[in-house]
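Each chain is listed here by its residues.
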Amino acid sequence: DNYIQHCAVTIVSILENNPKGVNIYILHEGLCENSIHILEDEVHPYDSELQFVYVDKNIIDAFPMPKQGHLSHISRATYYRLLMADIMPPEVEKVIYLDCDLVVNDKLDDFWAIDITGYSIAGCVQIGAGCEALRLGYPQKYGYINAGVLLINLSYWREINASKLLVEYLAAHYDKIIFHDQDALNANFYDKCLHI
């Protein structure tokens, strides 16, 4: 609920630049009715759909949360994307994942059209994060992507049971985790990530 204003800006920026046929899924663990209505009102003028996908917060509660002061703004919601293969409708085979605090400045068609067959995710390498691969124990040549903007191959995720894989990784490597779900995604998919 605290991010509804930011989320509404993100949604409008998507729809202003991609005015037709966008299916937006909001991952949440219990939005109030007012927040839901605010987002529905923003989407209503556009030829697009808005759906709300509930995430069981009891699953997320077990995940490690930030210990560093500069990461104290991170909430449990950062982990939602790890569960998408299980919580999204089964007919959804690919998604563009966007954090809800950004602005889209152009069409998403080119991003959506990227062929990720054989890849788990496509994302941008995070600037200055070369040492993160070493911390997580995989070859540095693969880099380290930022998880705020991703193209995700949900079909592949379902084939490999990615939600279970990612959750088990977090449990087994709790002491290594600094950047939460982003660490889990990089550590598990470093060689199945298309850099864009």
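Cut-offs and rules
Numbering of residues begins from 1 in every chain and follows the order in which that chain's sequence is written. Totals for whole chains, interfaces and linings use all residues, but because this is a predicted model, local features are given only for residues with pLDDT of at least 70 and pairs of side-chain atoms are given and counted only at 80 or more. The basis for every side-chain value is the complete set of non-hydrogen atoms in the structure, without hydrogens or water. Under the scheme used here, helices are H or I runs from DSSP no shorter than 4 residues and strands are E runs no shorter than 2 residues, and both carry numbers assigned from the N terminus. For every residue, the accessible area obtained with a 1.4 Å probe (protein chains only) is divided by the maximum for its type, and the residue is called buried under 20%, exposed over 50%, and partly exposed between those limits. Here the axes come from fitting lines to C-alpha atoms, over the contacting stretch only for helices, and the angles between their N-to-C directions go from 0 to 180 degrees. An angle below 35 degrees is treated as roughly parallel, one above 145 as roughly antiparallel, one from 65 to 115 as roughly perpendicular, and anything else as oblique. It is the rotation of the near helix from the far one that decides the hand of a crossing: anticlockwise by less than a right angle makes it left-handed, clockwise makes it right-handed. Any two residues whose heavy atoms approach within 4.5 Å at even a single point are treated as in contact. Three categories are distinguished: nonpolar for Ala, Val, Leu, Ile, Met, Phe, Trp, Tyr, Cys and Pro, charged for Asp, Glu, Lys and Arg, and polar for the others, with Gly belonging to the last. What pLDDT expresses is the predictor's confidence in each residue, scored from 0 to 100. Stacked, tilted and edge-to-face are the three classes assigned to paired rings of Phe, Tyr and Trp, where Trp is represented by its six-membered ring and a pair needs centres within 6.5 Å; plane angles under 30 degrees give stacked, over 60 edge-to-face, the rest tilted. Note on geometry: a ring has a charge over it if NZ (lysine) or CZ (arginine) is within 6 Å of the ring centre and within 35 degrees of the ring normal. The pairing criterion is simple: DSSP has to find at least two bridges between the two strands. Here is how to tell: hold the view so the strands point away, follow the path from the first strand over the helix to the second, and if it runs clockwise the crossover is right-handed. In what follows, salt bridge is the name for a side-chain nitrogen of Lys or Arg lying within 4 Å of a carboxyl oxygen of Asp or Glu.

Things to note about unusual backbone geometry
One non-glycine residue with positive phi stands out, namely Asn 161, at about 55 degrees. With respect to the helices and strands, Asn 161 occurs in the loop between helix H7 (154–159) and helix H8 (162–172). Its relative accessible area of 36% is what places Asn 161 among the partly exposed residues. The backbone of His 180 shows a phi angle near 50 degrees, a positive value even though the residue is not glycine. As for its position among the elements, His 180 is in helix H9 (residues 180–189). The exposure class of His 180 is buried, given its relative accessible area of 4%.

Regarding the packing of H8 against H9
Where H8 meets H9, the axes come as close as 10 Å, and the angle between the chain directions of the two elements is 110 degrees. Taken as axis vectors, H8 and H9 run roughly perpendicular relative to one another. Read as a crossing pair, H8 and H9 show a hand that is right-handed. Contacts between H8 and H9 involve Ala 162, Leu 165, Leu 166, Tyr 169 and Leu 170 from the first element and His 180, Asp 183, Ala 184, Leu 185, Ala 187, Asn 188 and Phe 189 from the second. Its residues assigned to classes, the contact of H8 with H9 shows 9 nonpolar, 2 polar and 1 charged.

Some points on the confidence of the model for the chain
Residues with a pLDDT of 70 or more make up 87% of the chain, whose mean pLDDT is 88. At the level of individual helices and strands, the chain shows its lowest average pLDDT in helix H3 (residues 57–60), which scores 64, and its highest in H7, which scores 97.

Digging into the packing of aromatic side chains
For the structure shown, the criterion picks out 3 aromatic pairs. Centre to centre, the rings of Trp 157 and Phe 189 are 5.7 Å apart; their planes meet at 35 degrees, and the pair counts as tilted. With Trp 157 in helix H7 and Phe 189 in helix H9, this pair connects stretches of sequence that are 32 residues apart. Just as Trp 157 is buried, Phe 189 falls in that class too. Put simply, the rings of Tyr 138, Tyr 142 and Tyr 190 pair up and form one aromatic cluster. Directly above the aromatic system of Trp 112 lies the positively charged group of Lys 94, at a separation of 4.5 Å from the ring centroid.

Focus on the pairing of strand E2 (residues 47–54)
One ladder, built from 7 bridges, connects strand E1 (residues 20–28) with E2; its direction is parallel. Looking at the pairing, Lys 20 lines up with Asp 47 of E2. With respect to chirality, the unit in which E1 leads through helix H2 (residues 33–43) into the neighbouring parallel E2 is right-handed.

Some details on the environment of Ile 196
By the secondary structure assignment, Ile 196 is in the segment after strand E6 (193–195). As for Ile 196 and Leu 151, which are separated by 45 residues in sequence, their C-alpha atoms are 9.8 Å apart. Once you skip the residues sitting within four places of it in the chain, Ile 196 turns out to touch Phe 111, Ile 114, Ala 122, Gly 123 and Cys 124.

Thoughts on the pattern of salt bridges
For the structure on display, the rule yields 5 salt bridges. With a closest N to O distance of 2.6 Å, Arg 135 and Glu 132 form a salt bridge. In this pair, Arg 135 and Glu 132 are both assigned in helix H6 (residues 130–136), 3 residues apart and thus about one turn of the helix distant. Two residues, Arg 135 and Asp 183, come together in a salt bridge whose shortest N-O distance is 2.8 Å. A residue pair is termed long-range when its members are at least 10 positions apart, and Arg 135 in helix H6 and Asp 183 in helix H9 qualify at 48 residues. What makes Arg 135 partly exposed here is its relative accessible area of 22%. For Asp 183, a relative accessible area of 0% translates into the label buried. Look at the salt bridges and you will find they share partners, linking Arg 81, Asp 99 and Asp 181 into a network.

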